[in-house]
Amino acid sequence: LGDRCQGLQTAGGTGALRAALDLVARARPGAKVWVGLPTWANHRPLILSAGLEVAPMPFFDQATQAVDVGAMLEALSEAATGDAVILQGCCHNPTGAVLSPADWEALAALCEQRGILPIMDLAYQGLGDGLDEDAASTRLMAARVPSLLVAYSCDKNFG
């Protein structure tokens, strides 16, 4: 990643998400932030407190107890260039669901094609399939899109 990578220390993962959303609000006024349904309870208030619009998209199908990737991609295909999407890199909160490598490829391709800014919420690395495996989605996204933001936290790991 070389010169593409910059870092900023914040107070926890929530602070990192808020800083990322504030950056989106300043850099892309009027951008929508897409979030899956359901999502972590703090995502919506953080988006709204940054002055951005929440754009819900299907994520988890209660009936099948699985990620509905087709519905997710269909909804996200309506995103405008410059919109952002919050994606949980592993151990989705609150469902625990995970996307397959093929699902992440399709999502990365859509973000690249539509000019959608991924905000990777990576708060549970190492608590799913392992440190390296749990970061695969973030590495894939970084390799595919020109820009992304990563909110990383070790709070759960160190707790």
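Scope of this entry: the structure provided in the associated data block. Because the structure is predicted, anything quoted here is derived from the model rather than measured.

## A short note on the overall build of the protein chain
Assigned secondary structure in the protein chain consists of seven helices and seven strands. Beginning at the N terminus, the succession of helices and strands in the protein chain can be written as α-β-α-β-β-β-α-β-α-β-α-α-β-α. In the protein chain, which comprises 159 residues, the share counted as buried stands at 44%. In the protein chain, 68% of the contacts between residues at least 6 apart in sequence involve partners at least 24 apart.

## Observations regarding the nonpolar core
One broad trend across soluble globular proteins is that nonpolar side chains are buried collectively. One finds Leu76, Leu87 and Met141 to be the most contacted residues of the largest nonpolar core, which totals 27 residues. Elements that contribute at least two residues to this core include exactly strand 2 (53-58), helix 3 (69-76), strand 5 (84-88), helix 4 (101-114) and helix 6 (136-144). When residues of this core are assigned to their parent elements, the largest contribution, five residues, is made by helix 4. If near-sequence neighbours (up to four positions away) are discounted, Leu87 is found in contact with Met57, Met72, Trp104, Leu107, Pro118, Ile119, Met120, Asp121 and Met141.

## So, the side chain of Thr138
Inspection of the secondary structure assignment puts Thr138 in helix 6. Thr138 gets classed as buried once you look at its relative accessible area, which sits at 11%.

## A few points about the environment of Ser147
For Ser147, the position within the fold is in the loop between helix 6 and strand 7 (149-152). The exposure class assigned to Ser147 is partly exposed, which follows from its relative accessible area of 39%. Separated by 31 residues in sequence, Ser147 and Ile116 have C-alpha atoms that sit 9.1 Å apart.

## A closer look at the pairing of strand 6 (residues 117-122)
Each regular strand carries side chains that alternate between the two faces of the sheet. Counting buried positions over the six residues of strand 6 gives six, a clear majority of the element. Side-chain alternation along strand 6 places Leu117, Ile119 and Asp121 on one buried face and Pro118, Met120 and Leu122 on a second face that is also buried. Bridge analysis of strand 5 against strand 6 gives five bridges, and the strand direction is parallel. Residue Val85 lies in a different strand from strand 6, and its bridge partner there is Pro118.

## What to know about the pairing of strand 2
Here strand 1 (residues 32-37) runs beside strand 2; their pairing, made up of six bridges, is parallel. Looking at the pairing, Val33 lines up with Val54 of strand 2. This β-α-β element, strand 1 to helix 2 (residues 43-49) to strand 2, shows right-handed connectivity.

## Considering the side chain of Gln88
Along the chain, Gln88 turns up in strand 5. What makes Gln88 buried here is its relative accessible area of 11%. A polar atom in the side chain of Gln88 sits 3.4 Å from the side chain of Thr39. Here Gln88 is in contact with Thr39, Trp40, His43, Asn93, Trp104 and Asp121, once residues within four sequence places are set aside.

## Digging into the environment of Ala108
Along the polypeptide, Ala108 turns up in helix 4. By relative accessible area, which is 0% here, Ala108 ends up buried. In sequence terms Ala108 and Ala142 are 34 residues apart; their C-alpha atoms lie 8.9 Å from each other. With near-sequence residues (within four places) excluded, Ala108 lies in contact with Leu140, Met141, Arg144 and Val145.

What counts and what doesn't
Residues numbered from 1 in each chain as written. Predicted model: local features only at pLDDT ≥ 70, side-chain atom pairs only at ≥ 80, totals over all residues. Heavy atoms only, no water. Helix = DSSP H or I, 4+ residues; strand = E, 2+ residues; numbered from the N terminus. Buried < 20%, exposed > 50% of the residue type's maximum accessible area, 1.4 Å probe, protein only. Contact = heavy atoms within 4.5 Å. Core = buried A, V, L, I, M, F, W, Y, C linked by side-chain atoms within 4.5 Å. Pairing = 2+ DSSP bridges. Right-handed = clockwise from strand over helix to strand, strands pointing away. Polar contact = N/O pair within 3.5 Å; in protein donor to acceptor, adjacent residues only side chain to side chain.

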